[in-house]
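Chain and residue survey
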Amino acid sequence: MSLQVSVYRYNPEQDSVPHMQDFTVEVPEGKDLMVLDVLALIKEQDDSFVYRRSCREGVCGSDGMNIGGTNGLACITPLSEAVRKEKLVLRPLPGLPVIRDLVVDMSLFYKQYEKVRPYLINDTPPPATERLQSPEERAKLDGLYECVLCACCSTACPSFWWNPDKFVGPAGLLQSYRFLADSRDTATEERLSDLEDPFSVFRCRGIMNCVDVCPKGLNPTQAIGHIRKMLLEKGS
Amino acid sequence: MVTNITSLSRTGLRDWLVQRVSAVVLAVYTVFIVGWLLYTETLSFELWHALFEQTWMRIFSLMALVSLVSHAWIGMWTIFGDYLNERALGKKALTVRFLSQALCGIVLFVYIAWGVQILWGL
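This section reports on the structure supplied with the text. Source: prediction; values computed, not measured. (Residues numbered from 1 in each chain as written. Chains lettered and ligands numbered in written order. Predicted model: local features only at pLDDT ≥ 70, side-chain atom pairs only at ≥ 80, totals over all residues. Heavy atoms only, no water.)

Within the secondary structure layout, Q175(A) lies in helix α6 (residues 169-180). When residues no more than four places from it in sequence are discounted, the contact partners of Q175(A) are Y113(A), V116(A), L144(A) and C147(A). (Helix = DSSP H or I, 4+ residues; strand = E, 2+ residues; numbered from the N terminus. Contact = heavy atoms within 4.5 Å.)

What follows is the structure, encoded as structure tokens:
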């Protein structure tokens with residue numbers, strides 16, 4: 001079966017402006033391929049075509065891209081969901097500078113991630129074995145730790161598009177709450193103080209694009225709500 | 001922490017709280033006014049005048065006006081920051097944003113002063 005694919009192409013060494021290039025790809029009948037498989041078939045036709053990939057099973061978060069207008073991971077998005085009007089349209093993640101074709105510069109995304117100090121902070125003397133948690137305390141981290149940092153959510157967020165240097169973005173805030181909610185972390189006060197300003201958290205206007213696109217089914221808006229509640233409890 | 005001197009209260013938390021509380025005040029005021037208009041059988045200038053002559057109504061109206069102005073400032077400040085920033089406009093962003101904020105501030109201040117004059121001048 002022939003599939004029409006339209007792909008965003010940009011090579012800054014050759015092109016003055018980006019353009020869309022059409023490919024016709026032969027895909028097997030009766031089999032629901034993933035978008036990543038189609039990318040490999042395009043690469044066979046034109047080896048100058050560039051995209052990121054690694055684990056090919058939705059764990060590494062490398063192949064986040066805009067598939068038919070919606071951000072998602074190419075490796076776990078089947079063609080049955082991605083093809084619209086008999087055409088597959090692939091663009092890089094929106095809002096970030098394009099390095100080449102579907103590869104974007106994620107420096108700002110990582111800068112915001114770094115800002116929330118995504119690691120356990122605990123200045124108390126370490127116990128002989130490990131810092132234990134009750135099953136209830138551990139359960140609070142469910143829905144938070146699973147994030148693979150693919151940037152699908154942050155690059156679907158208009159607040160992040162307009163202020164990627166100041167607004168932490170849904171991915172960073174989900175991780176921020178992951179450590180705020182961790183019973184073993186003792187830096188809650190400092191973490192919250194860093195988030196009180198008008199941009200870091202409060203630039204979120206709750207439109208929930210992040211929830212809509214997350215390939216792992218996570219809910220950054222809810223985590224942001226929890227952070228706001230913690231800030232309110234601290235501040236009032 | 002990102003600091004900003006033009007937001008209403010300089011902390012995102014307080015701005016957010018002000019926006020939520022002012023939204024509730026505006027909702028209550030709107031429901032009250034619409035309800036009053038619907039349940040007053042023969043609407044007349046005298047009845048309208050009598051309603052606004054009462055001190056509690058003037059205070060309630062002023063509260064709604066202050067809520068509207070603070071709510072609008074926070075909303076407009078956000079919109080200016082989104083669309084009139086360096087990413088969108090380059091070097092002239094600061095001038096354009098500052099002038100827009102100043103104009104918005106003047107308009108909102110006029111609403112307050114004018115509103116007080118109307119409420120207590122009826």
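A word on the packing of helix α2 (residues 45-53) of chain B against helix α3 (residues 55-83) of chain B. Residues and elements named next belong to chain B. Put simply, α2 and α3 touch, their axes get as near as 5 Å, and they point 80° apart. In terms of axis orientation, α2 runs roughly perpendicular to α3. In contact with L51, F52 and E53 of α2, α3 contributes T55, W56, M57, R58 and S61. Its residues placed into classes, the contact of α2 with α3 shows 4 nonpolar, 2 polar and 2 charged. (Axes fitted to C-alpha atoms, helices over the stretch in contact; angles between N-to-C directions. Parallel < 35°, antiparallel > 145°, perpendicular 65-115°, else oblique. Nonpolar A, V, L, I, M, F, W, Y, C, P; charged D, E, K, R; others polar.)

A complete count under the given rule lists 11 aromatic pairs over all chains for this structure. Aromatic pair W161(A) and W162(A): ring centres 5.7 Å apart, planes at 70°, arrangement edge-to-face. These aromatic residues form a ring-pair network of at least three members: Y29(B), F32(B), W56(B) and F60(B). For the cation-ring pair, K166(A) lies above F199(A), with the distance from its terminal atom to the ring centre recorded as 5.1 Å. (Phe/Tyr/Trp six-rings, centres within 6.5 Å; stacked < 30°, edge-to-face > 60°. Lys NZ or Arg CZ within 6 Å of the ring centre and 35° of its normal.)

The subject of this paragraph is the side chain of T221(A). Residue and element names in this part refer to chain A. The residue T221 is located in helix α9 (residues 220-235) in this model. Classification of T221 as buried rests on a relative accessible area of 16%. Not counting the four nearest positions on each side in its chain, T221 is found in contact with M208, C210 and V211. (Buried < 20%, exposed > 50% of the residue type's maximum accessible area, 1.4 Å probe, protein only.)

As a further point, take the pattern of salt bridges. Tallied over the full model, the rule gives 13 salt bridges over all chains. Counted as one network, the salt bridges with shared partners bring together R9(A), D46(A) and D101(A). (Salt bridge = Lys/Arg side-chain N within 4 Å of Asp/Glu carboxyl O.)

Listed as interface residues are 22 residues of chain A and, on the opposing side, 18 residues of chain B. Between chain A and chain B the total buried area reaches about 1,800 Å² when both faces are included, carbon and sulfur atoms providing 61% of it. Area buried by chain A at its contact with chain B is led by W162(A), P198(A) and R203(A), which between them contribute 31% of it. At the boundary of chain A and chain B, one finds 1 salt bridge. Of the charged contacts, one joins R203(A) and D82(B) as a salt bridge, the two residues approaching to 3.0 Å between their closest N and O atoms. When residues in the side of chain A that touches chain B are grouped by element, the largest group, 4 residues, is from α9(A). Of the residues contributing to the side of chain A that touches chain B, the split by class is 9 nonpolar, 5 polar and 8 charged. (Buried area = accessible area lost by both parts, 1.4 Å probe.)

To continue, consider helix α1 (residues 35-45) of chain A. Residues and elements named next belong to chain A. Inspection of α1 places V35, L36, V38, L39 and I42 among the buried residues, and these make up the whole buried set. When α1 is viewed along its axis, its buried side chains cluster within an angular range of 155° and face the same direction. The secondary structure elements touched by the buried residues of α1 are β1 (2-9), β2 (19-26), β3 (64-67), α2 (79-82) and β5 (87-91). (Arc of directions from axis to C-beta.)

All right, on to unusual backbone geometry then. Residue and element names in this part refer to chain A. A positive phi angle, near 60°, is found at E86, a position not held by glycine. Tracing the backbone shows E86 in the loop between α2 and β5. The exposed category is assigned to E86, whose relative accessible area is 71%. For L149, which is not glycine, the phi torsion reads 55° and is therefore positive.

Residue and element names in this part refer to chain A. Between the first and last C-alpha of α6 there are 16 Å, a value that for 12 residues agrees with the 16 Å anticipated at 1.5 Å per step. The buried fraction of α6 amounts to 12 of the 12 residues, a majority that puts the element mostly inside the structure. Buried within α6 are the following residues: G169, P170, A171, G172, L173, L174, Q175, S176, Y177, R178, F179 and L180. Check the buried side of α6 and you find it contacts α3 (107-115), α5 (158-162), α7 (188-193), α8 (209-213) and α9. (Expected span 1.5 Å × (residues − 1).)

Purely geometric stuff here, so don't read any function into it on its own.
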